[in-house]
Amino acid sequence: MGETNMMNKPDIKHTNPLAQTLLNKLDYDQLTNCMRCGFCLPACPTFRETGVEPESPRGRIALMKAVADGLMDPDQVFQDQMNHCLGCRACEPVCPADVKYGQLIEQARDAIEDHATHSVPVTGLRKLMFKGVFPKRGSLKLLGGSLAFYQKSGLRKLARGTGMMRLFPDHLREMESILPDSTSRGVIEQVGTFYPAKGTPLARVALFRGCIMDVMFAGTNVNTVELLSEAGFEVVIPKEQVCCGALHAHSGEMDQARSLAKINIDVFKDAGIDYVVSNAGGCGALLVEYDHLMHEDSDPEVRENAKWFAKRVIDVSKLVVEKGRIPRFAEKMSEQADVTVTYQDSCHLRNVMKSSGAPRQLMRSVEGACYVEMKESDRCCGSAGIYNVTQPEMAGQLLEHKMEHAATTNARYMLTSNPGCLLQMKLGIEKHKPPFQMEAMHIVDYLHERLVPAEDRNHNKS
């Protein structure tokens, strides 16, 4: 994330260009803050899987510092290790020195990407997605429309029936099988840019609609708006907002992430709102750190506006619980007994946005539902942005453990708060087939289906 704390860094002129870039970009204070205490080891999914020190946050920090200090070259093994990290940031809450590991791993990947030599197809795909699709609403609508046509026109059935899908690697074929129905009509096309509160407004909030979220999960965005309205919030949806930049930041495209952040900060600052609401843990984790992302910008106004923005970012569940009027939720009358639900934490929602209690409180408030805590629900499921695509072997191992724990809950519904996690859990259910009926849902969709409208609540009282 730029050249940080230069005066605290060793005065070394590296002959290796990548080593010099790493030295320039890494926050050296954060490297030296690591006490090598080992508290991060049991929290790290990749270390738990392998037991190998370089697969831990402590080990990766040691590698970064060794390169920065000129003790080793940033060879391919080093680069692969930086990319093998999930970025789940489970190490941060347990770190007694408060090392900002997530920022270090993104700085390292940013430096590596500056010197990366990808194959022509990979280079083309990265350029297409990071610059041509994610940042542009028109391209996203085209993507959503194209996927919808593929899914509904019979092409999907043809591709599967003719064996065409066997041309793709197993993990991509599996992911295609659980993709939700897409659309070119996002939340604004369905509800507009303003939605009034039910009853006296408690606050005016803005929905961050996301990019993929508004293509593959547009219904969840609509349900989020209606849930917020029921909880007493006026909802605005700024039309000019763009991708949050999370996938860019995780993939070493920090300049592009900062460019997107600047647009969003200005757009939401002009919206006259009290909170910026996220319904995707992965997006929210970057939004809430826009102040750090922009802290080296040369314009003090940009830095101040970034702080203003970051302070107002909040997850939808936390907003409803802490600032809203919690609606009444009830299971369907057709159910014969209490319906069991369980929850898979979004790593970024839990570890970065510090919101793990609010979703559970809402789930426990549903009449006719029984909440069961899943063992190691705070462990990463292996989705981690696009990690399950780039590192399918490790992602598959993590998902297998997750489904072993899920099978002990006997839950009818597996809920989560992030689209990537949701797809990963859908894949887990499809692939590992628990010995009972289970469905993965976004918590907002689950609550929305069980929402008792205000007029019905008032009728029951009378």
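Residues numbered from 1 in each chain as written. Predicted model: local features only at pLDDT ≥ 70, side-chain atom pairs only at ≥ 80, totals over all residues. Heavy atoms only, no water.

By the naming in an unreviewed UniProt entry, the chain is Glycolate oxidase iron-sulfur subunit, taken from Paenibacillus pinisoli. Per UniProt, the comment on the chain under Function (unreviewed entry) is "Component of a complex that catalyzes the oxidation of glycolate to glyoxylate." (UniProt positions renumbered as here; feature names shortened; annotations may be inferred.)

With respect to empty space enclosed by the protein
Here the structure, examined in full by the defined rule, presents four cavities of 30 Å³ or more. Estimated volume of the largest cavity: approximately 160 Å³. Lining of the largest cavity is provided by 17 residues; of these, Cys34, Cys40, Ile61, Cys95 and Val99 occupy positions nearest its centre. Tallying contributions element by element places helix H4 (residues 57-68) first for the lining of the largest cavity, with three residues. Each residue belonging to the lining of the largest cavity can be placed in one class, and the counts come to 13 nonpolar, one polar and three charged. (1 Å grid on protein atoms, 1.4 Å probe; cavity = no way out; pocket = protein on both sides within 12 Å on 5 of 7 lines; lining within 4 Å. Points joined across faces, edges and corners; volume = space filled by probe spheres on them. Helix = DSSP H or I, 4+ residues; strand = E, 2+ residues; numbered from the N terminus. Nonpolar A, V, L, I, M, F, W, Y, C, P; charged D, E, K, R; others polar.)

Section: the nonpolar core
Of all hydrophobic cores here, the largest spans 98 residues; its most connected members are Leu228, Tyr290, Phe309 and Tyr446. Per-element tally for this core: the top contributor is helix H15 (residues 254-269), with seven residues. Apart from residues lying up to four places away in sequence, Leu228 is in contact with Val205, Phe233, Val235, Val277, Val316, Leu319 and Val320. Counting residues in each nonpolar core, the second largest holds 28 residues, with Cys34, Cys40, Val67 and Cys85 among its members. (Core = buried A, V, L, I, M, F, W, Y, C linked by side-chain atoms within 4.5 Å. Buried < 20%, exposed > 50% of the residue type's maximum accessible area, 1.4 Å probe, protein only. Contact = heavy atoms within 4.5 Å.)

Structural notes on a nonpolar patch on the surface
Side chains of Met164, Leu167, Phe168, Leu172, Ile386 and Val389 sit close together on the surface and give an oily, nonpolar patch of about 540 Å² of accessible area. Mapped onto the fold, Leu167 is located in the loop between helix H9 (155-161) and helix H10 (170-177). Exposure remark for Leu167: the relative accessible area of 73% places this residue in the exposed category. (Patch = residues over 30% accessible without salt bridge, like charges linked within 9 Å, V, L, I, M, F, W, Y side chains within 5 Å. Areas by Shrake-Rupley, 256 points an atom, 1.4 Å probe, with all protein chains shown as cover. Salt bridge = Lys/Arg side-chain N within 4 Å of Asp/Glu carboxyl O.)

Some remarks on the domain arrangement of the chain
The domain boundaries assigned to the chain delineate domain 1 (17-114) and domain 2 (328-454). Across the contact, 17 residues belong to domain 1 and 16 residues belong to domain 2. Interface of domain 1 and domain 2: buried area, both sides summed, is about 1,300 Å²; carbon and sulfur atoms make up 55% of it. Scanning the region where domain 1 abuts domain 2 turns up one salt bridge. With a closest N to O distance of 2.8 Å, Arg48 and Glu376 form a salt bridge. Taken together, domain 1 and domain 2 are joined by eight residue pairs in polar contact (both at pLDDT 80 or more). (Domains from an automatic or database assignment. Buried area = accessible area lost by both parts, 1.4 Å probe. Polar contact = N/O pair within 3.5 Å; in protein donor to acceptor, adjacent residues only side chain to side chain.)

A few points about the packing of H15 against helix H18 (residues 300-312)
Contact geometry for H15 and H18: axes closest at 10 Å, N-to-C directions at 70 degrees. The angle between H15 and H18 places the two elements in the roughly perpendicular class. Between H15 and H18 the crossing geometry is left-handed. Contact residues: H15 offers Lys262, Asn264, Ile265, Asp266, Phe268 and Lys269, while H18 offers Val302, Asn305, Ala306, Trp308 and Phe309. (Axes fitted to C-alpha atoms, helices over the stretch in contact; angles between N-to-C directions. Parallel < 35°, antiparallel > 145°, perpendicular 65-115°, else oblique. Left-handed = near helix turned anticlockwise from the far one by under 90°.)

Describing the pattern of salt bridges
Scanning the entire structure with this criterion turns up 27 salt bridges. In this structure, Arg89 and Glu289 form a salt bridge, with 2.7 Å as the shortest nitrogen-oxygen distance. Of this pair, Arg89 sits in the loop between helix H5 (76-84) and helix H6 (101-114) while Glu289 sits in the loop between helix H16 (281-287) and helix H17 (290-293), and the two are 200 residues apart along the sequence. Three or more residues are tied together by salt bridges with common partners; here these are Asp345, Arg350, Arg360 and Glu373.

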